[in-house]
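Listed here are the chains, written in short residue letters.
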Amino acid sequence: MPAASTKLRMLAVSVIASLTVTGCQTLDDAGRVVGRADLVNDLASRLDQALELTYSADYQLPGGQRASIAQAQDPARSAYSYPGGKLTVTDEATTQCEMTGGRAMCTLAAPPAAGGKPSVAVFAEAKRRGLLTPPVVVGMLTEAALDPEAIIEQDDTTVAGYHATCVDVDRAGDDFTACVTTDGVLGSFTGQVDGKPVEVTLSRYSETIDDSAFELPPGAGVIDRRTTKS
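First things first, this report covers the structure right here in the doc. Given the structure is predicted, the values throughout are model-derived calculations rather than measurements.

1. A look at the pairing of strand 3 (residues 77-82)
Point 1. Counted residue by residue, strand 3 has five buried out of six residues, so it is predominantly covered.
Point 2. Note: strand 2 (residues 66-72) against strand 3, five bridges, orientation antiparallel. Across the sheet, the residue bridging to Ser68 is Ser81, located in strand 3.
Point 3. If you look at the hairpin formed by strand 2 and strand 3, you'll find four residues sitting between the two strands, and Asp74 has a positive phi there, around 55°.

Have a look at this one:
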């Protein structure tokens, strides 16, 4: 997805520019600013790389619940499954599915512009159900990097057998820890999101996918809200 990759790079550049022209600072403050800018740039670069990967990832949520992310190329498409719902993004539609009375009801909307990516708002329902998607995590890190009162520290760990860089963010009302693997896959997230505790941990990662991940749930009802052009 070249356009999506470009947007991530522009995001990092924009944040770095904002952080480095904020006026006079002490040497220690300048050191913190550089660290934040480097952190956002590194995360954007990893996610940029991950956008070009084909992979599937399973996540453990609190209470024994599970979620998953599947991504493939040629054509580019992705699927996010979470308790009570599913989101798929393909070149044909952006589809939100909700489970109601044991049956899925799916609403089809227009797909992202050619070469583009869905807006962060598309992932709101997944976030509400406990699945933190990479675009949402990037947004949270960017906000933290722009907050002069936030304290951001970096560490390394292993998640599901994969090396990951972890970022601890201490920010008024929004403390969280996010870990990203070397390939740019979200390894884990623990913290407050919209005032609610969220915990997501990678349990399985594979460089292969099952095409059924991008299909509608069996027996799903469909509401097609895509506009048709003659």
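2. Quick notes on a negative patch on the surface
Point 1. Taken together, the side chains of Glu153, Asp155, Asp156, Asp168, Asp170 and Asp175 define an acidic patch exposed on the protein surface.
Point 2. Of all elements in the fold, only strand 7 (151-159) and strand 8 (162-170) reach the threshold of two or more residues within the negative patch.
Point 3. For the negative patch, the element with the highest residue contribution is strand 7, accounting for three residues.
Point 4. Residue classification places Asp168 among the partly exposed residues on the basis of a relative accessible area of 32%.

3. Some remarks on the state of the cysteines
Point 1. Per the stated rule, a full pass over the model turns up two disulfides.
Point 2. Across the disulfide from Cys97 sits Cys106; the S-S distance is 2.1 Å. With the S-S bond torsion at 110°, the cross-link from Cys97 to Cys106 turns out right-handed.
Point 3. The buried category is assigned to Cys97, whose relative accessible area is 4%.
Point 4. Here Cys166 connects covalently by a disulfide to Cys179, the sulfurs 2.0 Å from one another. With the S-S bond torsion at 105°, the cross-link from Cys166 to Cys179 turns out right-handed. A residue pair is termed long-range when its members are at least 10 positions apart, and Cys166 in strand 8 and Cys179 in strand 9 (residues 176-181) qualify at 13 residues. Taken individually, Cys166 and Cys179 each receive the classification buried, so the pair is uniform in this respect.
Point 5. Each bonded cysteine of the protein gets a number by its place in the sequence, and the pairs then read 1-2, 3-4.

What counts as what
Residues numbered from 1 in each chain as written. Predicted model: local features only at pLDDT ≥ 70, side-chain atom pairs only at ≥ 80, totals over all residues. Heavy atoms only, no water. Buried < 20%, exposed > 50% of the residue type's maximum accessible area, 1.4 Å probe, protein only. Helix = DSSP H or I, 4+ residues; strand = E, 2+ residues; numbered from the N terminus. Pairing = 2+ DSSP bridges. Patch = residues over 30% accessible without salt bridge, like charges linked within 9 Å, V, L, I, M, F, W, Y side chains within 5 Å. Areas by Shrake-Rupley, 256 points an atom, 1.4 Å probe, with all protein chains shown as cover. Salt bridge = Lys/Arg side-chain N within 4 Å of Asp/Glu carboxyl O. Lys, Arg positive; Asp, Glu negative; His and termini not counted. Charge placed at Lys NZ, Arg CZ, Asp CG, Glu CD. Disulfide = S-S within 2.5 Å.

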